[in-house]
Amino acid sequence: QVQLVESGGGLVQAGGSLRLSCAASGPTLSRYVMGWFRQAPGKEREFVAAITWSAGSTYYADLKKRRFTISGDNAKNTVYLQMNSLRPEDTAVYYCATLYGASAQQMAVKSPDYWGQGTQVTVSS
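Quick notes on the rules
Residues numbered from 1 in each chain as written. Predicted model: local features only at pLDDT ≥ 70, side-chain atom pairs only at ≥ 80, totals over all residues. Heavy atoms only, no water. Helix = DSSP H or I, 4+ residues; strand = E, 2+ residues; numbered from the N terminus. Rg over C-alpha atoms; globule rule 2.2 N^0.38 Å. Salt bridge = Lys/Arg side-chain N within 4 Å of Asp/Glu carboxyl O. Buried < 20%, exposed > 50% of the residue type's maximum accessible area, 1.4 Å probe, protein only. Core = buried A, V, L, I, M, F, W, Y, C linked by side-chain atoms within 4.5 Å. Contact = heavy atoms within 4.5 Å. Phe/Tyr/Trp six-rings, centres within 6.5 Å; stacked < 30°, edge-to-face > 60°. Disulfide = S-S within 2.5 Å.

A. The overall build of the protein chain, seen in detail. Helix and strand content of the protein chain: zero helices and eleven strands. Scanning the protein chain from its N terminus toward the C terminus, one meets helices and strands in the order β-β-β-β-β-β-β-β-β-β-β. Taking 125 residues into account, the globule formula puts the C-alpha radius of gyration at 14 Å, and the protein chain, at 13 Å, falls close to it. With the principal axes as the frame, the protein chain shows a C-alpha extent of 40 × 25 × 25 Å.

B. Region of interest: the pattern of salt bridges. Inspection of the entire model under this criterion finds three salt bridges. As a salt-bridge pair, E46 and R38 come within 2.6 Å of each other at their nearest N and O atoms. The class for E46 is partly exposed, based on a relative accessible area of 31%. A relative accessible area of 9% means that R38 is categorised as buried. A cluster of three or more residues bridged by salt bridges with shared partners is formed by R38, E46, R67 and D90.

C. View of the nonpolar core. Grouped together as the largest cluster of nonpolar side chains are 28 residues, with contacts concentrated most on M34, W36, I70, L81, M83 and Y94. Elements supplying a minimum of two residues to this core: β3 (18-25), β4 (32-39), β5 (46-52), β7 (68-73), β8 (78-83), β9 (92-100) and β11 (119-124). Tallying contributions element by element places β3 first for this core, with four residues. Here I70 is in contact with M34, W36, A49, A50, I51, T58, Y60, V79, Y80 and L81, once residues within four sequence places are set aside.

D. Structural context of the packing of aromatic side chains. Applying the stated criterion across every chain, the model contains six aromatic pairs. Ring geometry for F37 and F47: centres 5.5 Å apart, planes at 75°, overall edge-to-face. Of the two residues, F37 is situated in strand β4 and F47 in strand β5; the sequence distance between them amounts to ten residues. As far as burial versus exposure is concerned, F37 and F47 are alike and both buried.

E. Summary view of the state of the cysteines. Counted under the stated rule, the structure contains one disulfide. Disulfide pairing places C22 opposite C96 at an S-S distance of 2.0 Å. Disulfide C22-C96: the torsion about the S-S bond is -80°, which places it as left-handed. You can see C22 sitting in strand β3 and its partner C96 sitting in strand β9, a full 74 residues away along the chain. Here C96 falls in the buried class, since its relative accessible area comes to 0%.

F. Inspection of the environment of G8 at higher detail. For G8, the location among the structural elements is in the loop between β1 (3-7) and β2 (10-13). G8 sits 36 residues away from E44 along the chain, and the two C-alpha atoms are 22 Å apart. If sequence neighbours within four positions are ignored, G8 has contacts with L18, R19, L20 and T119.

Structure, rendered in structure tokens:
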């Protein structure tokens, strides 16, 4: 059983930055890929970015690639999502998720095994 706890969401003005954190706990974390998803009001949940614990390989949804950066701290079992130049359309609940034995790219198309509770990000215009 893997547990994921997100933090770092909040209210920010357009153009600002936020860094989300996802603290993971559980066995064999190194065999999981970690990812971020988001769900805006009235929309489906969408993939944002993923990273592997072992090699630090990353993969991004195209539209987010230039403004968002995913990173990980193996010592702290924590994954981060640095979000810059935020726009009102980035407003959503951001979820951390993990998938066993997959690549970062596979995270974008496969259903995660575990989800965090989500953290709200609101970008005002």
